[in-house]
Amino acid sequence: MHDSAELRSLYQARFHAEPAVFAAPGRVNLIGEHTDYAEGFVLPAAINFATLAAISPRDDGKISIYSENYREERSFDAASLPEKGNGHWSDYPMGVVHELAQAGQSIPGFSLSLWGDVPPGSGLSSSAALEVSTALAVEWMLGVQYPGPMLARLCQRAENEYVGANCGIMDQFISIHGKENHALLLDCRDLSYKLAPIPDHVALVIANTMVKHSVAGGDYPTRRRESEAACAVIARHRPEVKFLRDATLADLDRWGSEMEPKALMRARHIISENLRTVAAADALLRGDLKELGRLMAEAHWSYSRDFEASCAEADAMVELAADVPGLIGARLTGGGFGGCTINLVEQREAETFAKTLGERYAARIGIVPEMHICHASGGAHRLGKTGERRSAETA
Ligand code: GAF
C-alpha cells in the first residue's frame, strides 16, 4: 500500500462502495516532553507520515472496520457499541465512535478502512493519527464538524477512557492543527497556540532507535503519577498550584525535601522543560538555531537523567549525532523509553547526516536504525479522488 488511490480501490473491492478518504498525520515533538498533562507547553510539528481512513455508510446497522496494516476486519453493532476497549487495534477507532456517541451523536452503520505509514511503537503518534483520521471520517458521515480543539479533546478521551492510555492532549492536537513547514507552540492549559516557521534550510531527521515505545501500561503512567505526587506536595503549601505548570524551581528548593527523591526529579524535569519549551519557541521565531539546539540538548539530558525516560540506545543516538556535521539539535522525542530521536539538521547535510548517524549507531549498538528525512506537514484533512488535499470549502 502506498497512497490514497490504492486504499480507495482496495476499499471498493472489499466494500463495493465509493468512500470518502481522510488523512491525519503523526508528529514529532521538538521539545516539551511530559508537560502536556501538567498543563504546560509543547512544541510539536506534524510530519509526512499519516493514517488514511476511507469511509462510506451502510444500511444494515453494522460497523465494519478493516485494517490494511493488520489485514483484519472487525464488526460491531452500531446500536450497541462496546463500552470499553479490549487491547485490540480496533479500540482506537471504536473509542472515537464511542466518544462521538457519548457526545450525543446517533451512530449509523458504516464501513471504514484504515491504512497508515506512521511506524507504530516509535513515539511518532500512530495512535493519534488513527484516532483523528477516524474522527474526521465519522464526522463527515454524520454531517457534523467539531471545532479542532474540541475534536482533539474527544480523541484524547477516546484514548484515556476507552483504550485506557493516560496520554495528554499534544498528539491529537497537532495531528489536527499542524501546519506545513511550521512547529506549533501549544499552551496545554487553554489550548491557545502560536506557529513558528521552520526555516527552509532545516530538515527534520528522525532516527528510530528500534526500541519499542508504548504509552499504555508500563512507565508512562508511573512517571505521570510520580510527577503528580510532587505537585501535591507543593500544593500543600501553595494551594493555587493545581498542576506542575503552576510550580517553580524555587518551590522545589523549598519543599523538595518533603518529596520522594524520584518525585522531586520528575518535577524538576517538567518545571524546567516548560521554561525550555517557551524559550525554544522564541529561539525558533528569532532564527537563533544555536540556542534552539542548546535547549534541545539540555532537554534530552533532563529527560534522561531526571525523568529517567530515555534508554541507552536513545542516549547513544543523541551522543553520536553531536559529532555528525550539520546537526543543529538532537533529543529523544515523544513519550520515552525507546522510539525515535529528532535531529534538526542543515538541509544540505541531511542525506549524509542520516547515513553517517545510522552507520555509527549500528556500529555501536548492533541494531540498524530506520532513518527518515521528514518535513513539517499540514494537519488532518480530506483527500480528493487523486489524493490531493481538499480545501475546507470542498470538504
Ligand atoms: C505521548 C503522549 F501521548 C503525549 O500526550 C505526551 O505526554 C508525550 O507522550 C510526552 O510528551 O506521546
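Residues numbered from 1 in each chain as written. Predicted model: local features only at pLDDT ≥ 70, side-chain atom pairs only at ≥ 80, totals over all residues. Heavy atoms only, no water.

**Brief notes about the overall build of the protein chain**
Argument step 1. Along the protein chain, the regular secondary structure elements total eleven helices and 13 strands.
Argument step 2. Principal-axis analysis of the C-alpha atoms places the extent of the protein chain at approximately 65 × 50 × 40 Å.
Argument step 3. Looking at the protein chain as a whole, 58% of its 395 residues qualify as buried.
Argument step 4. Restricting to contacts in the protein chain with at least 6 residues of sequence separation, those with at least 24 account for 69%.
Argument step 5. Summing over all exposed atoms, the protein chain offers an accessible surface of approximately 15800 Å²; the carbon and sulfur share of this is 51%.
Argument step 6. On the protein chain, the mean spot of the 39 positive side-chain charges and the mean spot of the 52 negative ones are 2 Å from each other. (Helix = DSSP H or I, 4+ residues; strand = E, 2+ residues; numbered from the N terminus. Buried < 20%, exposed > 50% of the residue type's maximum accessible area, 1.4 Å probe, protein only. Contact = heavy atoms within 4.5 Å. Areas by Shrake-Rupley, 256 points an atom, 1.4 Å probe, with all protein chains shown as cover. Lys, Arg positive; Asp, Glu negative; His and termini not counted. Charge placed at Lys NZ, Arg CZ, Asp CG, Glu CD.)

**Considering the packing of helix 4 (residues 148–163) against helix 5 (residues 170–177)**
Argument step 1. At a closest axis distance of 8 Å, the pairing of helix 4 and helix 5 adopts a crossing angle of 140 degrees. In terms of axis orientation, helix 4 runs oblique to helix 5. Crossing hand, helix 4 versus helix 5: right-handed. Residues Gly148, Pro149, Leu151, Ala152, Cys155, Gln156 and Glu159 of helix 4 pack against Gln172, Phe173, Ile176 and His177 of helix 5.
Argument step 2. Classifying every residue of the contact of helix 4 with helix 5 by side-chain character gives six nonpolar, four polar and one charged. (Axes fitted to C-alpha atoms, helices over the stretch in contact; angles between N-to-C directions. Parallel < 35°, antiparallel > 145°, perpendicular 65-115°, else oblique. Left-handed = near helix turned anticlockwise from the far one by under 90°. Nonpolar A, V, L, I, M, F, W, Y, C, P; charged D, E, K, R; others polar.)

**Quick word on the site of the ligand**
Argument step 1. Around the ligand, the surrounding shell holds 13 residues, and the nearest of these are Glu33, Asp36, Gly168, Asp171 and Tyr220.
Argument step 2. For the ligand, an oxygen atom lies 2.7 Å from a polar atom in the side chain of Glu33.
Argument step 3. Look at the ligand: alone it shows 310 Å² of surface, and the protein chains cover 98% of it.
Argument step 4. Taken atom by atom, the bulk of the ligand overlaps the largest pocket.
Argument step 5. Here the shell around the ligand is built from residues that sort into four nonpolar, five polar and four charged. (Near = heavy atom within 4 Å. Polar contact = N/O pair within 3.5 Å; in protein donor to acceptor, adjacent residues only side chain to side chain. 1 Å grid on protein atoms, 1.4 Å probe; cavity = no way out; pocket = protein on both sides within 12 Å on 5 of 7 lines; lining within 4 Å. Sits in = over half its atoms within 2 Å of the grid points.)

**Points about the sheet that holds strand 4 (residues 62–67)**
Argument step 1. Across the sheet, six strands lie side by side as 5-4-6-3-1-13; this open sheet has mixed pairing. Looking at the sheet topology across the chains shown, the edges are occupied by strand 5 (72–77) and strand 13 (381–383). In this sheet, adjacent strand axes meet at a mean angle of 25 degrees when their direction is disregarded.
Argument step 2. Of the strand pairs in this sheet, strand 1 (residues 20–29) and strand 3 (residues 44–57) are connected by nine bridges, and their pairing is antiparallel. For Ala20, the partnering residue across the bridge sits in strand 3 and is Ile55.
Argument step 3. Set on the sheet, helix 1 (residues 4–15) makes contact with strand 1, strand 3, strand 4, strand 5, strand 6 (110–116) and strand 13; between it and strand 6 the angle comes to about 145 degrees.
Argument step 4. Against the sheet, helix 5 contacts strand 1 and strand 3, and its axis sits at roughly 125 degrees relative to strand 1. (Pairing = 2+ DSSP bridges.)

Spatial relationships are all this shows, so hold off on functional conclusions.
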